[in-house]
Amino acid sequence: CLPANQERFANGKLATVQFHPSAQVVMTAGHDRSVSLFQVDGIRNPRIQSIYLESFPIYKACFSVDGEQVIATGTHHKMFFVYDMMSGNIIPIQKVRGVDERFIRDFELSPDGSLMLVTGTSGYLHLLSMKTKELISTMKVNGRSTASAFTPDSSKIYSYSKEGEVFIWDVRSRKCLHKFEDEGSLEGKCIAVSKNNQYVACGSSSGVVNLYTTDVCLKEDHPKPVKAIMNLVTSATCVTFNPTTEILAVASRENDEAVKLV
């Protein structure tokens, strides 16, 4: 296979590579302040377009669930950008009222496409409306939140704290339903919920990824993992399930080729 972005290699580190939810298109975005879209045909992979965000190195970019927008956050910015692919407009969201953060970096989009969850500092989680990009509510975990994941039906949020605790929130009432300790975790790094809502995977700084069943997570304070995956020797920075919940990918960005498929 040819490199997906061979028609325009980035000048800096790539922060995001993502396939479009419904089209044969891949997006790349990164520290060279650009978002590029490529048609993936395997022969030429022609570039569709690139947009350039001046003095805005990109921390994370993500397609909206309907695939009509790209949301991009910067490495050191309060604001974020929305790129409307239908109209071609780049819309800056200067400041979200009620969100008092120095930087807006990490975020998750709900699977139903209605919500955007921004991870703040000091344990704050800000829930925004995808339609208006306005604040709906703020939740707070003990300690510092490092990663969050929506359940497939968008009804709950699992947020993982730096202290190794996982908080389970009800999206509608914004109440904490339960919290549990991730076994042996010194510092939480990444979390994922499988598409069939059967499993939760928690990756920590030691490189261990614990796999739990969701029903145990909702009931017990110290649940036992179904499996502890010890293959990574550096910090686990990414866990993700494939759509049929048969494969779990675990990876560390601290080492080259530190990717394992379980």
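Residues numbered from 1 in each chain as written. Predicted model: local features only at pLDDT ≥ 70, side-chain atom pairs only at ≥ 80, totals over all residues. Heavy atoms only, no water.

Named according to an unreviewed UniProt entry, the chain is U3 small nucleolar RNA-associated protein 18 homolog originating from Baryphthengus martii. According to UniProt, the comment filed for the chain under the heading Sequence similarities (unreviewed entry) is "Belongs to the WD repeat UTP18 family." Taken from UniProt, the Subcellular location (unreviewed entry) comment for the chain reads in full: "Nucleus, Nucleolus". (UniProt positions renumbered as here; feature names shortened; annotations may be inferred.)

Peer 1: Outline the overall build of the chain, supporting the account with residue identities and numerical values.
Peer 2: Helix and strand counts for the chain come out as one helix and 23 strands. Computed over C-alpha atoms, the radius of gyration of the chain comes to 18 Å, within 12% of the 18 Å expected from 2.2 N^0.38 for 262 residues, which places it in the range of a compact globule. Taking the principal axes of the C-alpha coordinates as reference, the chain spans close to 50 × 45 × 30 Å. A buried classification covers 48% of the 262 residues belonging to the chain. Contacts spanning at least 24 positions in sequence make up 40% of the contacts within the chain whose residues lie at least 6 apart. With an accessible surface of roughly 13200 Å², the chain has 49% of that area assigned to carbon and sulfur atoms. (Helix = DSSP H or I, 4+ residues; strand = E, 2+ residues; numbered from the N terminus. Rg over C-alpha atoms; globule rule 2.2 N^0.38 Å. Buried < 20%, exposed > 50% of the residue type's maximum accessible area, 1.4 Å probe, protein only. Contact = heavy atoms within 4.5 Å. Areas by Shrake-Rupley, 256 points an atom, 1.4 Å probe, with all protein chains shown as cover.)

Peer 1: Mind laying out the sheet that holds strand β13 (residues 145-150), listing which residues take part and the relevant values?
Peer 2: The antiparallel open sheet is built from four strands, whose spatial order is β13-β14-β15-β16. A single partner strand is all that each edge strand has here, and the edge strands are β13 and β16 (176-181). For this sheet, the mean angle separating the axes of adjacent strands, direction not counted, is 20 degrees. Looking at chain direction, strand β14 (residues 156-161) and strand β15 (residues 165-170) are connected through five bridges and run antiparallel. Note on β15: the bridge partner recorded for Lys156 is Asp170. (Pairing = 2+ DSSP bridges. Axes fitted to C-alpha atoms, helices over the stretch in contact; angles between N-to-C directions.)

Peer 1: Kindly report on the pattern of salt bridges, identifying the contributing residues and their values.
Peer 2: Here the structure, examined in full by the defined rule, presents seven salt bridges. Between Lys179 and Glu165 there is a salt bridge, with its nearest N and O atoms 3.4 Å apart. Placement of Lys179 in strand β16 and of Glu165 in strand β15 is noted, with a sequence separation of 14 residues between them. What makes Glu165 buried here is its relative accessible area of 16%. One salt-bridge network, held together by shared partners, links Lys60, Asp106 and Glu108. (Salt bridge = Lys/Arg side-chain N within 4 Å of Asp/Glu carboxyl O.)

Peer 1: Go over unusual backbone geometry with me, naming the residues and quoting the values.
Peer 2: One non-glycine residue, Lys133, lies in the positive phi region at around 60 degrees. Among the structural elements, Lys133 can be located in the loop between β11 (124-129) and β12 (135-140). Despite not being glycine, Thr245 has its phi angle at roughly 60 degrees, a positive value. Summarising the element assignment, Thr245 is placed in the loop between β21 (238-241) and β22 (248-251).

Peer 1: Let's hear about the sheet that holds strand β23 (residues 259-261): which residues, and what values?
Peer 2: With antiparallel pairing, three strands are arranged side by side in an open sheet as β21-β22-β23. The open sheet has two edge strands with one neighbour each: β21 and β23. Each strand axis lies, on average, 15 degrees off the axis of its neighbour in the sheet, ignoring direction. As paired strands, β21 and β22 are joined by four bridges and run antiparallel to one another.

Peer 1: Describe in detail the packing of aromatic side chains, supporting the description with residues and values.
Peer 2: A complete count under the given rule lists two aromatic pairs for this structure. Considering the side-chain rings of Phe56 and Phe81, the 4.8 Å spacing of their centres and the 90 degrees angle between planes classify their relative orientation as edge-to-face. Taken together, the residues span a long stretch of sequence, with Phe56 in the loop between β4 (47-52) and β5 (58-63) and Phe81 in strand β7 (residues 80-84) at a distance of 25 residues. For Phe56, a relative accessible area of 1% translates into the label buried. Accessibility expressed as a relative area gives 14% for Phe81, which makes it buried. Seen from their ring centres, Phe180 and Tyr212 are 5.5 Å apart, and the 65 degrees between their planes marks the pair as edge-to-face. Within this pair, whereas Phe180 is found in strand β16, its partner Tyr212 is found in strand β19 (residues 209-213), the two being separated by 32 residues in sequence. Looking at Tyr212, the relative accessible area reads 0%, which means it is buried. Seen from the ring of Phe107, Lys60 lies directly overhead, with NZ or CZ sitting 4.9 Å from the centre. (Phe/Tyr/Trp six-rings, centres within 6.5 Å; stacked < 30°, edge-to-face > 60°. Lys NZ or Arg CZ within 6 Å of the ring centre and 35° of its normal.)

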